[in-house]
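In case you want the letters, here they are:
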Amino acid sequence: MPTVALVTMGCARNEVDSEELAGRLSASGWSLAAETDDADVIVVNTCGFVEAAKKDSIDALLAAADLTDGAAGRAVVAVGCLAERYGAELAEALPEARVLGFDDYGDISARLHDALAGTPHVPHTPRDRRTLLPLTPVERPAAAAAISTPGHHTATPLASEEVGAPGHCSSDARGMLAAWTGPGSGPRPLRRRLESGPVAPLKLASGCDRRCSFCAIPSFRGAFLSRPPAELLEEAAWLAADGVRELVLVSENSTSYGKDLGELRLLELLLPRLAGIDGIERVRVNYLQPAEMRPSLVEVLTGTDRVVPYFDLSFQHSAPEVLRRMRRFGDTDRFLGLIEQIRSRAPLAGIRTNVIVGFPGETGSDLQELERFLTAARLDTVGVFGYSDEDGTEAVGFDGKLDPEEIRDRVARITDLVEELTEARAADRVGDVVEVLVEAVDPGEYPGAELFGPACAEGRAAHQAPEVDGGVVLIGPEPTLGQIVPAKVVGNCGVDLIAVLG
């Protein structure tokens, strides 16, 4: 039985894609190796988002190639966004790895056997995947079966005559929700978990219809495509049965969920159903577009039991002229109005964002406007990125490019401000009681131990998403892994909280 190890780079969406590949390979007789040293084939699921992520992916491929060292019967395979985005170009630059595109996923077992055998392979020539689906969103579900969309497949594929049946690709979104009556009533997930633990991503949709001038993702991830709700509910129940307590809904644009299924507010209908699945204690939604936020979604996210009031809002900037050049909408005051709307309903809601500094044409006044927004917004976490050209994007041709050193200076300036503001926001939570999902026990030393005593566990409060928003150090009797426990915040270290179990 051949063995394969999967190495995942980048975001949680890639994690879901890797687990789909693991499910396909396991069903085809492959043994999944926990360590790359033990594998006949090392599959690196690459990230192609920004330069730093591309470099990390290439480094991972080179490290895998060093392990195999050209040995007969061993191979390195590149999949994922970098492989899809560059195809034959990547294969030429990196002959150590066989490069596969998204269209190869359906026959991944055969492709890996070919790699082991050294069978000649012609890497794909990249194409704009937005052109693979109809321009009109409601026409996409029926056409989706003919293309490969990572993370959108089940172990019980639909026959062509079933397309449009309730619970699958129908435009009757409410009928799709009603069709799922509990575990086993929907399509079986084609997924194999690669890591255990109480948290798991659930892919809500793929692709994006927005045309942000700095972003290349839609060109290689394709047009926006929702997953049918019955498929999501079945996969969520499967995850719950495997010990998952928190679902993190991921996509390129979660606020658009359902627009291609005939119901723009489908997310508002889906969230209570997901939260009602036995075993699920938290549902979190990532990747919300500010321009697409609506009062009904704010209401559900702040008022539904087990749906955490968490808002991952992609503001990117707040100066109007910069946003227009980015092909985005809004301004400082509108964004602050949205934040006020959220906090009026949930004062302790978690709100995070990313911002791009040094975009072509950004003036000193624009930077000051961004500072005004960040100061007034009091966000929990802010990712700060310096602008860089991305192949194939509109912004590559813009005038007004800033000197790289100036961009670095602006990034440092905004980063310093953000660190001060987010630490102050964390300090505002001292005295609050937070519900913490325990993710590690006996974590060892931490900054502040001399003041508060030894830690018994670590976890995350409702306002903290995995990996990006800090965490909570717990003091007191050791809780159980995966348990959600109340704790009173007594201090902070940056964005991390220190809390005593109640």
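Residues numbered from 1 in each chain as written. Predicted model: local features only at pLDDT ≥ 70, side-chain atom pairs only at ≥ 80, totals over all residues. Heavy atoms only, no water.

Draft legend 1. A look at the overall build of the protein. Across its full length, the protein holds 16 helices and 18 strands. Taking 2.2 N^0.38 as the reference for a compact globule, 502 residues should give roughly 23 Å; the C-alpha atoms of the protein span a radius of gyration of 23 Å, in line with that estimate. In terms of overall dimensions, the protein has C-alpha extents of about 60 × 55 × 50 Å along its principal axes. The buried share of the protein, taken over its 502 residues, is 55%. Just so you have it, the protein exposes about 20,500 Å², and 51% of that area is on carbon and sulfur atoms. (Helix = DSSP H or I, 4+ residues; strand = E, 2+ residues; numbered from the N terminus. Rg over C-alpha atoms; globule rule 2.2 N^0.38 Å. Buried < 20%, exposed > 50% of the residue type's maximum accessible area, 1.4 Å probe, protein only. Areas by Shrake-Rupley, 256 points an atom, 1.4 Å probe, with all protein chains shown as cover.)

Draft legend 2. Representation of the pattern of salt bridges. Evaluated as defined, the whole model comprises 42 salt bridges. When salt bridges with common partners are traced through the structure, they connect E19, R191, R227, E231 and E235 into a single cluster. (Salt bridge = Lys/Arg side-chain N within 4 Å of Asp/Glu carboxyl O.)

Draft legend 3. Representation of the sheet that holds strand β13 (residues 381-386) within the structure. Strand order in the open sheet made by the three strands is β11-β12-β13, with parallel pairing throughout. Two strands bound the open sheet, and with one partner strand each, they are β11 (310-312) and β13. Neighbouring strand axes in the sheet, compared pairwise and without regard to direction, differ in orientation by 10 degrees on average. (Pairing = 2+ DSSP bridges. Axes fitted to C-alpha atoms, helices over the stretch in contact; angles between N-to-C directions.)

Draft legend 4. Representation of empty space enclosed by the protein in the model. As enumerated under the stated definition, the model contains four cavities of 30 Å³ or more in all. There is about 80 Å³ of room inside the largest cavity. Along its surface, the largest cavity is lined by R129, L133, I147, S148, T149, P150, S206, G207, R221, G222, A223 and L225. Residue classes in the lining of the largest cavity are distributed as five nonpolar, five polar and two charged. In this structure, the second largest cavity spans a volume of roughly 70 Å³. Taken together, D380, T381, T422, R425, A426, R429, H463, Q464, D469 and V495 make up the lining of the second largest cavity. (1 Å grid on protein atoms, 1.4 Å probe; cavity = no way out; pocket = protein on both sides within 12 Å on 5 of 7 lines; lining within 4 Å. Points joined across faces, edges and corners; volume = space filled by probe spheres on them. Nonpolar A, V, L, I, M, F, W, Y, C, P; charged D, E, K, R; others polar.)

Draft legend 5. Inspection of a negative patch on the surface at higher detail. On the surface, a cluster of negative charge is contributed by D416, E419, E420 and E423. Within the element layout of this structure, E419 appears in helix α15 (residues 404-428). On the basis of relative accessibility, which here comes to 49%, the residue E419 falls in the partly exposed class. (Patch = residues over 30% accessible without salt bridge, like charges linked within 9 Å, V, L, I, M, F, W, Y side chains within 5 Å. Lys, Arg positive; Asp, Glu negative; His and termini not counted. Charge placed at Lys NZ, Arg CZ, Asp CG, Glu CD.)

Draft legend 6. Local environment of the confidence of the model for the protein. Here the protein averages 93 in pLDDT, while 96% of its residues score no lower than 70. Low pLDDT, under 50, characterises residues 158-171; the stretch is placed with 23 contacts to residues that sit more than four places away or in other chains. (pLDDT = per-residue confidence, 0-100. Contact = heavy atoms within 4.5 Å.)

Draft legend 7. Representation of the nonpolar core. L271, L274, F311, F373 and L374 are the most contacted members of the largest nonpolar core, which has 75 residues in total. In terms of residue count, the dominant contributor to this core is helix α9 (residues 229-241) (seven residues). What L374 contacts, discounting residues up to four positions off in sequence, is L379, V382, I414, L417, V418 and L421. Core analysis: the next-biggest nonpolar cluster, separate from the first, contains 22 residues, L61, A65, A78 and A91 among them. (Core = buried A, V, L, I, M, F, W, Y, C linked by side-chain atoms within 4.5 Å.)

Draft legend 8. Quick look at the pairing of strand β10 (residues 282-285). Side-chain alternation along β10 places R282 and R284 on one buried face and V283 and V285 on a second face that is also buried. Inspection of the sheet shows strand β9 (residues 246-250) paired to β10 by four bridges, in the parallel sense. Note that in β10 the partner of L247 across the bridge is V283. Note on the crossover from β9 through helix α10 (residues 266-275) to β10: the handedness is right-handed. (Right-handed = clockwise from strand over helix to strand, strands pointing away.)

Draft legend 9. Structural context of the environment of T393. Along the polypeptide, T393 turns up in the loop between β13 and α15. When the C-alpha positions of T393 and R211 are compared, they lie 9.3 Å apart, and in sequence the two are 182 residues distant. A distance of 2.7 Å separates the side chain of T393 from the backbone oxygen of E390, its partner in a polar contact. (Polar contact = N/O pair within 3.5 Å; in protein donor to acceptor, adjacent residues only side chain to side chain.)

Draft legend 10. Summary view of the packing of α10 against helix α11 (residues 295-303). Contact geometry of α10 with α11 gives a least axis separation of 9 Å together with a crossing angle of 10 degrees. Classified by the angle between their axes, α10 and α11 sit roughly parallel to one another. Together, L267, E268 and L271 of α10 and S296, L297, V300 and L301 of α11 make up the contact between the two elements. (Parallel < 35°, antiparallel > 145°, perpendicular 65-115°, else oblique.)

Draft legend 11. Fine view of the state of the cysteines. For the structure on display, the rule yields zero disulfides. C215 forms no disulfide, and the closest cysteine sulfur to it belongs to C212, at a distance of 6.2 Å. (Disulfide = S-S within 2.5 Å.)

Draft legend 12. Molecular detail of the packing of aromatic side chains. What the rule picks out here adds up to seven aromatic pairs. Here F102 and Y105 contribute two aromatic rings whose centre-to-centre distance is 5.6 Å and whose plane-to-plane angle is 80 degrees, an arrangement assigned as edge-to-face. Since its relative accessible area comes to 1%, Y105 is described here as buried. A ring pair is formed by F359 and F398, whose centres lie 6.1 Å apart and whose planes are at 80 degrees; its orientation type is edge-to-face. Taken together, the residues span a long stretch of sequence, with F359 in the loop between β12 (350-357) and α14 (364-377) and F398 in the loop between β13 and α15 at a distance of 39 residues. On the basis of relative accessibility, which here comes to 0%, the residue F359 falls in the buried class. For F398, a relative accessible area of 17% puts it in the buried group. Members of the aromatic cluster, joined through ring pairs, are F214, F359, Y387 and F398. The residue whose ring lies beneath R284 is Y310, and the NZ or CZ to ring-centre distance is 4.7 Å. Lying across the ring of F398, R325 places its NZ or CZ 5.0 Å from the centre. (Phe/Tyr/Trp six-rings, centres within 6.5 Å; stacked < 30°, edge-to-face > 60°. Lys NZ or Arg CZ within 6 Å of the ring centre and 35° of its normal.)

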